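In case you want the letters, here they are:
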Amino acid sequence: MTAPSKQRNPLRDPRDKRLPRIAGPSGLVIFGVTGDLSRKKLMPAIYDLANRGLLPPGFALVGFARRDWADQDFMQVVHDAVKEHARTPFRQTVWDQLAEGIRFVQGTFDDDSAFDSLAATIADLDRDRGTGGNHAFYLSVPPSAFTTVVNQLKRAGLASGENPSQWRRVVIEKPFGHDLASAKQLNKTVNAVFPEESVFRIDHYLGKETVQNILALRFANQLYEPIWNANYVDHVQITMAEDIGLGGRAGYYDGIGAARDVIQNHLLQLLALIAMEEPVSFKPSDLRTEKVKVLSATRPALPLAETTARGQYTGGWQGGQKVPGLLEEGGFSKDSTTETYAAITAEVNTRRWAGVPFYLRTGKRLGRRVTEVAVVFKRAPHLPFDDTATEELGQNALVVRVQPDEGVTIRFGSKVPGNTMEVRDVTMDFGYGHAFTESSPEAYERLLLDVLLGEPSLFPKNDEVELSWEILDPVLRHWAGAGAPEKYKAGTWGPASADAMMARTGRHWRRP
Ligand code: BG6
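Owing to the predicted nature of the structure, the values given are computational and were not obtained by experimental measurement.

Re the nonpolar core
Then step 1. Within the largest apolar cluster, 149 residues are counted, with the highest numbers of intra-cluster contacts made by Phe31, Leu118 and Phe358.
Then step 2. The element contributing the most residues to this core is helix 9 (residues 257-275), with 12 residues.
Then step 3. For Phe358, the residues in contact, after removing those within four places along its chain, are Val236, Leu271, Ile274, Ala275, Ile344, Thr345, Ala346, Val348 and Trp353.

Here's what the structure looks like:
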């Protein structure tokens, strides 16, 4: 095989000026390649990037797993995953080019010889495919295997290139530890092998268009920023509701729970983007500096018995179908106190946000799948109407719908048509699907390309991760000593204690 020419990627349409940068010569090694994430997200994302002309022609994809597979078997697995899950249409020419760079290395994580043959495979690819000594290692593996894999990469001489112009990067999937102490330990282990600028921690929410749009909304407009503070904002609600249950993931989830699974990462990152100050620029370091500042100022509100809630789902009805409870699904230990619903109240102790509660909630088997951030404003200080005119008027709100139906809604009061003065809530709606013809890339597409480009803006740094644990740790300790979580019925909006938590402050959860 000869190295493909290093000229422009023929699959890219040079007329499209808005296309992102193309990755240079490089390859990606995936550990844990037989897992769901690999099949449903990573492999399709690689194909979609190739299809959009954003990968170099000689790109290489190496799978590493225990299975007794040859390159051809792995190629077939990737092919099937792409056919089933890719976002963009299947094109034979794209696939053929990608398939030429697919390799498989069989082995276990503690097997030195497997990592030696990985090193040999990578050297072959550099020679045959022109990957240029640039490789990213994606650890889609249980956290307990992180240390072994990272140390094996070092031992096999894979953690750094042969010369400074070659890069090696490591991509880590959450959970980044299970509390502050373990996160620190994990960061230490990883940073002992890979310098921080080569570590890419995946928080796939940051790859979502609507999440990035929070920054555009706040900092590209004049309209919102003047009222984005405690003078005008009453509170903020961040909701990530899922309708699915745990299904086959019970083994992973039991002992982890909703707060560690998504509040520590996705929801606190959303909070950081909503609450942070304007960065000096969009350079990765400037963006991260602001996120770190705001996370340092964030704490759970006290007393935790009143400002938090958690629950476990039981059987119920969803979309007209009867669905089983957590324990009937199997894989979850009977007396487990792991929560499938979590709600916390955070306070951001800065001049901008003093006194504004941030309510964060997430749960499995809730009413429907929706992720949104609602900034709820204070009532107007004076209403020059009869009381009856505004009886049905709520509070103004700006809602960023992260998914589904990505967009932004503003709720405000409007006169009801007729002879009397009656004011009622109405909404003004921006929908991505209506406003733009381009469809959004999948989060993993964006993030994998950023890894290959060495663009770190959308990846949480070690200190962001540690700060998030610092916020969550007291809540987790409190729950650990507070017995079993309350039950909630599948298809509802969580346990009664979550409503009580809001009611205590005279507020209520939005029904998204
Ligand atoms: C993952 C969590 O990070 O996000 C899962 O581990 C959850 O429990 C998933 O189901 C949801 O992702 P999305 O993109 O469908 O909101």
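Quick look at the confidence of the model for the protein
Then step 1. Taken residue by residue, the protein gives an average pLDDT of 93. The fraction at 70 or more is 96%.
Then step 2. Under a pLDDT of 50 for its full length, residues 1-7 has, in the predicted model, 16 contacts with residues more than four places off or in other chains.

Focus on helix 9
Then step 1. With 19 residues, helix 9 should cover 27 Å at 1.5 Å per step; its first-to-last C-alpha distance of 25 Å lies within 8% of that length.
Then step 2. Considering bend angle alone, the principal kink of helix 9 is centred on Ile263 and spans about 55°.
Then step 3. For helix 9, a buried count of 19 out of 19 residues is recorded, marking the element as mostly surrounded by other parts of the structure.

A closer look at a nonpolar patch on the surface
Then step 1. Nonpolar side chains collect at one region of the surface, where Leu383, Phe385 and Met421 lie side by side and expose about 250 Å² of accessible area between them.
Then step 2. Mapped onto the secondary structure, Leu383 falls in the loop between strand 14 (370-377) and strand 15 (397-403).
Then step 3. Among the residues examined, Leu383 registers a relative accessible area of 36% and is labelled partly exposed.

Observations concerning the sheet that holds strand 1 (residues 27-31)
Then step 1. Strand order across the open sheet formed by six strands is 3-2-1-4-5-6, with parallel pairing between neighbours. The sheet is open, and its two edges are formed by strand 3 (102-106) and strand 6 (199-202), each paired on a single side. Here the average twist between neighbouring strands, direction ignored, is 20°.
Then step 2. Examined bridge by bridge, strand 1 and strand 2 (residues 60-65) share five bridges and lie parallel to one another. Each residue of the ladder has a partner; that of Ile30, found in strand 2, is Gly63.
Then step 3. Contacts between helix 6 (residues 180-193) and the sheet are confined to strand 5 (168-173) and strand 6, with strand 6 contributing the most and set at about 140° to the helix.

Quick notes on the site of the ligand
Then step 1. Close to the ligand lie 13 residues; Tyr205, Lys208, Glu242, Asp261 and Gln403 are nearest.
Then step 2. Arg249 places a polar side-chain atom, nitrogen or oxygen, 2.7 Å from an oxygen atom of the ligand.
Then step 3. Protein contacts shield 82% of the accessible area of the ligand, which totals 400 Å² for the unbound molecule.
Then step 4. Here the shell around the ligand gets three residues from one element, more than from any other, and that element is helix 9.
Then step 5. Of the residues contributing to the shell around the ligand, the split by class is three nonpolar, three polar and seven charged.

Let's talk about the pattern of salt bridges
Then step 1. Evaluated as defined, the whole model comprises 27 salt bridges.
Then step 2. Notably, a salt bridge pairs Arg39 with Asp36, separated by 3.1 Å at the nearest N-O pair. Here Asp36 and Arg39 lie together in helix 1 (residues 36-51), a separation of three residues that amounts to about one turn.
Then step 3. Ionic pairing is found between Asp429 and Arg401, a salt bridge with its closest N-O pair at 3.3 Å. One end of the pair, Asp429, is in strand 17 (residues 423-431); the other, Arg401, is in strand 15, with 28 residues separating them in the sequence.

Observations regarding the side chain of Ser140
Then step 1. Considering the arrangement of structural elements, one finds Ser140 in the loop between strand 4 (135-139) and helix 5 (146-155).
Then step 2. Apart from the residues within four sequence positions on either side, Ser140 is in contact with Phe31, Gly32, Leu37, Leu42 and Glu173.

Topic: the packing of aromatic side chains
The description of an aromatic ring pair rests on the distance of the ring centres and on the angle between the ring planes.
Then step 1. Tallied over the entire structure, the rule returns 18 aromatic pairs.
Then step 2. Seen in terms of ring centroids, Phe31 and Phe109 are 6.2 Å apart; in terms of plane orientation they differ by 75°. Their pairing is edge-to-face. One end of the pair, Phe31, is in strand 1; the other, Phe109, is in the loop between strand 3 and helix 4 (112-128), and 78 residues separate them in sequence.
Then step 3. One aromatic cluster in this structure is built from Phe31, Phe64, Phe109 and Phe115.
Then step 4. Above the plane of the ring of Trp167 lies Arg169, whose end atom (NZ or CZ) is 3.8 Å from the centre.
Then step 5. One residue, Lys208, lies across the ring of Tyr205, its end atom 4.6 Å from the ring centre.

As for the pairing of strand 1
Then step 1. Taken across its five residues, strand 1 has five buried, putting it largely inside the fold.
Then step 2. By the alternation rule, side chains of strand 1 split into Gly27, Val29 and Phe31 and Leu28 and Ile30, which are all buried.
Then step 3. One crossover worth recording links strand 1 to the parallel strand 2 by way of helix 1, and it is right-handed.

Thoughts on the environment of Val170
Then step 1. Mapped onto the elements, Val170 comes out in strand 5.
Then step 2. Overall, the relative accessible area of 0% leaves Val170 in the buried class.
Then step 3. Taking C-alpha positions, Val170 is 9.7 Å from Glu196, a pair spaced 26 residues apart along the chain.
Then step 4. If we ignore the near neighbours within four places in the chain, the residues touching Val170 are Phe137, Leu139, Val190, Phe194, Ser198, Val199 and Phe200.

Analysis parameters
- Residues numbered from 1 in each chain as written.
- Predicted model: local features only at pLDDT ≥ 70, side-chain atom pairs only at ≥ 80, totals over all residues.
- Heavy atoms only, no water.
- Core = buried A, V, L, I, M, F, W, Y, C linked by side-chain atoms within 4.5 Å.
- Buried < 20%, exposed > 50% of the residue type's maximum accessible area, 1.4 Å probe, protein only.
- Helix = DSSP H or I, 4+ residues; strand = E, 2+ residues; numbered from the N terminus.
- Contact = heavy atoms within 4.5 Å.
- pLDDT = per-residue confidence, 0-100.
- Expected span 1.5 Å × (residues − 1).
- Bend = angle between axes of the 7 residues up to and from the residue.
- Patch = residues over 30% accessible without salt bridge, like charges linked within 9 Å, V, L, I, M, F, W, Y side chains within 5 Å.
- Areas by Shrake-Rupley, 256 points an atom, 1.4 Å probe, with all protein chains shown as cover.
- Salt bridge = Lys/Arg side-chain N within 4 Å of Asp/Glu carboxyl O.
- Pairing = 2+ DSSP bridges.
- Axes fitted to C-alpha atoms, helices over the stretch in contact; angles between N-to-C directions.
- Near = heavy atom within 4 Å.
- Polar contact = N/O pair within 3.5 Å; in protein donor to acceptor, adjacent residues only side chain to side chain.
- Nonpolar A, V, L, I, M, F, W, Y, C, P; charged D, E, K, R; others polar.
- Phe/Tyr/Trp six-rings, centres within 6.5 Å; stacked < 30°, edge-to-face > 60°.
- Lys NZ or Arg CZ within 6 Å of the ring centre and 35° of its normal.
- Right-handed = clockwise from strand over helix to strand, strands pointing away.

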